[in-house]
Amino acid sequence: MGSSSSSRNKIPNAQELMDQTGFSSAHLLRLYDRFECLDRDNKGYLSPDDFEAVGGLAMNPIGGRIIDAFFSSGQDTVDFSSFVWILAHFRPTDRNRNKEGTQQELPDSRTRKLKFAFQLYDLDRDGKISREELLQVLRAMLGLQVTEEQLQSIAERAIQEVDLDKDDAISFDEFKKSLEKVDIDTKMSIGFLK
């Protein structure tokens, strides 16, 4: 146990990160090692270029959108704390922690996971998924597997089914309601974070 806590000492704000995200000391050390591997130039932060070196993201049709999700609007770097906070969205939900009445909603909560997923579609970050944004994501995900006409039809049907206020876009609340029967915890969890 002593070596774990001494190793943890090299991580800035380790205890605070564990409290905020629910990651264990071992998970945090693993994430810190991964962060250091991605930070090839030892800058202490990551840029979009650092993420592009991750093979799985390079092959993912929406990899660029996933990379963008690590960066707040106008920022082009992410520090270790932010890196951990984003990855905490992919922790399996700890229902006991979320019931403890914490002031801040935990990143692994259902709502936070859905907000993260929503921002992958809301390309201009205006709080709505427009038909064109939905089409852009569908094109990236489905590529040449379907025709443009089929893509248009999928987007049209999705908007019609989910757009409750008939403004021709999908708000976060509409997005959330449309997914209320989907097991988001299973869909948005990474095995190594269990």
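Check the entry above for the structure.
None of these values were measured; they are calculated from a predicted model.

Caption draft 1: View of the overall build of the protein chain. Along its length, the protein chain carries 13 helices and two strands. Looking at the protein chain as a whole, 41% of its 194 residues are labelled buried. If you take every contact in the protein chain between residues at least 6 apart in sequence, the share linking residues at least 24 apart comes to 54%. Total accessible area on the protein chain is roughly 11100 Å²; 50% of this is exposed by carbon and sulfur atoms.

Caption draft 2: Geometry of the packing of aromatic side chains. If you walk through the whole model with that rule in mind, you get twelve aromatic pairs. Chaining the aromatic ring pairs together yields one cluster made of Tyr32, Phe35, Phe51, Phe70, Phe71, Phe80 and Phe83. It is arginine 91 that lies over the ring of phenylalanine 23; its NZ or CZ is 5.8 Å from the centre. Over the face of the ring belonging to phenylalanine 172 we find lysine 115, whose NZ or CZ atom lies 5.9 Å from the ring centre.

Caption draft 3: Main features of the nonpolar core. Ranked by size, the top nonpolar core spans 49 residues in total, and within it Leu28, Phe51, Phe70, Phe80, Phe83 and Phe175 carry the most contacts. The set of elements that each furnish at least two residues to this core consists of α2 (14–21), α3 (25–38), α6 (63–69), α7 (80–87), α9 (110–121), α10 (131–142), α11 (148–162) and α12 (172–178). Tallying contributions element by element places α3 first for this core, with six residues. Discounting residues that sit within four places of it in the chain, phenylalanine 51 has contacts with Leu46, Leu57, Ile67, Phe70, Phe71, Val78 and Phe83.

Caption draft 4: Spatial organisation of the packing of α3 against α7. Remark: α3 packs on α7, axes separated minimally by 11 Å, with the N-to-C direction vectors making an angle of 120°. In this view, α3 runs oblique relative to α7, as classed from their interaxial angle. For the element pair α3 and α7, the recorded crossing hand is right-handed. Taken together, the residues of α7 that come into contact with α3 (itself represented by Leu28, Leu31, Tyr32, Arg34, Phe35 and Leu38) are Phe80, Phe83, Val84 and Leu87. Considered class by class, the residues forming the contact of α3 with α7 number nine nonpolar, no polar and one charged.

The rules behind these values
- Residues numbered from 1 in each chain as written.
- Predicted model: local features only at pLDDT ≥ 70, side-chain atom pairs only at ≥ 80, totals over all residues.
- Heavy atoms only, no water.
- Helix = DSSP H or I, 4+ residues; strand = E, 2+ residues; numbered from the N terminus.
- Buried < 20%, exposed > 50% of the residue type's maximum accessible area, 1.4 Å probe, protein only.
- Contact = heavy atoms within 4.5 Å.
- Areas by Shrake-Rupley, 256 points an atom, 1.4 Å probe, with all protein chains shown as cover.
- Phe/Tyr/Trp six-rings, centres within 6.5 Å; stacked < 30°, edge-to-face > 60°.
- Lys NZ or Arg CZ within 6 Å of the ring centre and 35° of its normal.
- Core = buried A, V, L, I, M, F, W, Y, C linked by side-chain atoms within 4.5 Å.
- Axes fitted to C-alpha atoms, helices over the stretch in contact; angles between N-to-C directions.
- Parallel < 35°, antiparallel > 145°, perpendicular 65-115°, else oblique.
- Left-handed = near helix turned anticlockwise from the far one by under 90°.
- Nonpolar A, V, L, I, M, F, W, Y, C, P; charged D, E, K, R; others polar.

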